[in-house]
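Examining the three-dimensional arrangement
The chain contents come next:
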Amino acid sequence: MQKVRKAVFPVAGLGTRFLPATKAIPKEMLTVVDRPVIQYVVDEAQEAGIDHLIFVTGRNKGVIEDYFDIQVELSNTLAERGKSVELKLLDELQPKPGTASFTRQQAPLGLGHAIWCARDLVGNEPFAILLPDMIMQAEKGCLAEMVALYEKTGGNVISVEQCAPEETHKYGIVGKGDAVGNGFKITSMVEKPAPEKAPSNYLISGRYILQPEIFDILATQERGAGNEIQLTDGMLKLAETQDFAAYPFTGRTFDCGSKEGFIEANVAFALWRPDIREKVIGNMEKLLKTVEPADNAVI
Ligand code: G1P
């Protein structure tokens, strides 16, 4: 079985839910505690053994490439000032030369199309996809758990979690079959179904391990939900000839594509960190007691 070495990060989205901030900053660069959202997702990939990062970007996303490059002047200044802790941090986060690739999705045609744009960079091997809107918090990362399941099942593996039945129209939803390892076999997939059409309440939560045959399917995939080329539709076709397993993630997931999810992620990752945890709890207790909704709040 071929090892999963490469991960694709589709980061071309416009981030309209975070305007005006995303007029000038990609949503993936918004900060959770002290690092951009994309860093959490890259950390999760690296923990799972990924050694090549592939970013599918778009216009106005150049700062993501800068972020993953060395900032020579900054490093020199930190060195001159004896800031060894900060230097070490930057060094640890720095992808090694030649291990980060960037390509552009030239038109916003959907997630399936974004993934297809990475076909030459991935080549003929199994690969991971991590949707950067979703950041996850767990002792062992979601993708690392999925790799462990994949090593037992082969084929394709998708992370899932349960949602309220009335929320199925926001996500890809899978049908639940027999248990396999610590997951289950997937019997069907549908993108953003109305509750009465949903095969279960297991939503696709944004982590995938897929076989490269998906690319040929995506090349001719017609538009689906939202008039976009959907990855879920492509996977459904691939499932006609290959197995798909679901890994039900048991940690916390934060949808950083929504304001509430993003704020929750900030709080959860602050509470996760011993260096600031107590102070944050104290400040939040004070705020919860004193801040009321304001008529002049900017919405
Ligand atoms: C995408 C996928 C969907 C998945 C979701 C998770 O949808 O198409 O299957 O459940 O991500 O966030 P999007 O959020 O891009 O509409």
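Throughout, residues of each chain are indexed from 1 in the direction in which the sequence is written. For a predicted model such as this one, the threshold for reporting local features is a pLDDT of at least 70, and the threshold for listing and counting side-chain atom pairs is 80 or more; totals across whole chains, interfaces and linings nevertheless cover every residue. Excluded from the side-chain calculation are hydrogens and water; included are all heavy atoms of the structure.

You'll find the protein chain entered in an unreviewed UniProt entry as UTP--glucose-1-phosphate uridylyltransferase, with Jiella flava given as the organism. UniProt positions are given in the numbering used here, feature names are shortened, and annotations may be inferred rather than shown by experiment. According to the UniProt record, the Sequence similarities (unreviewed entry) comment for the protein chain is "Belongs to the UDPGP type 2 family."

Tracing the chain through its elements places Ser205 in strand β11 (residues 202-210). Each residue is assigned to one of three classes by its accessible area relative to the maximum for its type, calculated with a 1.4 Å probe on protein chains only: buried under 20%, partly exposed between the two thresholds, exposed over 50%. For Ser205, a relative accessible area of 0% corresponds to the buried category. Here the alpha-carbon distance between Ser205 and Met136, two residues 69 residues apart in the chain, equals 9.8 Å. When residues no more than four places from it in sequence are discounted, the contact partners of Ser205 are Met134, Met136, Ser159, Val160 and Glu161. Polar contact is the term for a pair of N or O atoms within 3.5 Å; when the atoms are in protein, one must be able to donate a hydrogen and the other to accept it, and sequence-neighboring residues count only if both atoms are side-chain atoms. Within the structure, Ser205 has its side chain in polar contact with the side chain of Ser159 (distance 2.7 Å). Helix and strand assignments come from DSSP, with helices taken as H or I runs of at least 4 residues and strands as E runs of at least 2, each series counted from the N terminus. Whether two residues touch is decided by their heavy atoms; if any such pair falls within 4.5 Å, the residues are in contact.

Let's shift gears to the site of the ligand. To be near a molecule or strand, a residue needs just one of its heavy atoms within 4 Å of it. Lining the immediate environment of the ligand, one finds Leu111, Leu131, Met134, Tyr171, Gly172, Glu191, Lys192, Ile204, Gln230 and Thr232. Here Glu191 contributes a side-chain N or O atom positioned 2.8 Å from an oxygen atom of the ligand. Note on areas: Shrake-Rupley, 1.4 Å probe, and residue coverage restricted to the protein chains presented here. Here the ligand has 380 Å² of accessible area as a free molecule, and 75% of this is covered by the chains.

Turning our attention to the packing of helix α3 (residues 72-80) against helix α4 (residues 84-93). The geometry of α3 relative to α4 is characterised by a closest axis approach of 8 Å and an angle of 150° between their N-to-C directions. One finds that α3 runs roughly antiparallel with respect to α4. In this structure, α3 meets α4 at a crossing whose hand is left-handed. Here Leu74, Ser75, Leu78 and Ala79 of α3 lie close against α4, whose contacting residues are Glu86, Leu87 and Leu90. When residue character is reported, Ala, Val, Leu, Ile, Met, Phe, Trp, Tyr, Cys and Pro are called nonpolar, Asp, Glu, Lys and Arg charged, and the others, Gly included, polar. The residue makeup of the contact of α3 with α4, split by class, is 5 nonpolar, 1 polar and 1 charged. Axis angles are defined between N-to-C directions and span 0 to 180 degrees, where every axis is a line fitted to C-alpha atoms and, for a helix, only to the segment in contact. Oblique is the label for any angle not covered by the other classes, which are roughly parallel (under 35 degrees), roughly antiparallel (over 145) and roughly perpendicular (65 to 115). Helix crossings are classified by the rotation of the near helix relative to the far one: an anticlockwise turn of less than a right angle makes the crossing left-handed, while a clockwise turn makes it right-handed.

As paired elements, strand β9 (residues 172-180) and strand β10 (residues 183-191) share 7 bridges and run antiparallel to each other. Directly across from Ala179, in β10, lies its bridge partner Phe184. Between the end of β9 and the start of β10, which pair antiparallel, lie 2 residues, with Gly181 showing a positive phi angle near 55°. Bridge count for β9 against β11 is 2 bridges, and the pairing is antiparallel. By the bridge assignment for β11, Ile173 is matched with Leu203. Here the rule is simple: two strands pair whenever DSSP picks up at least two bridges between them.

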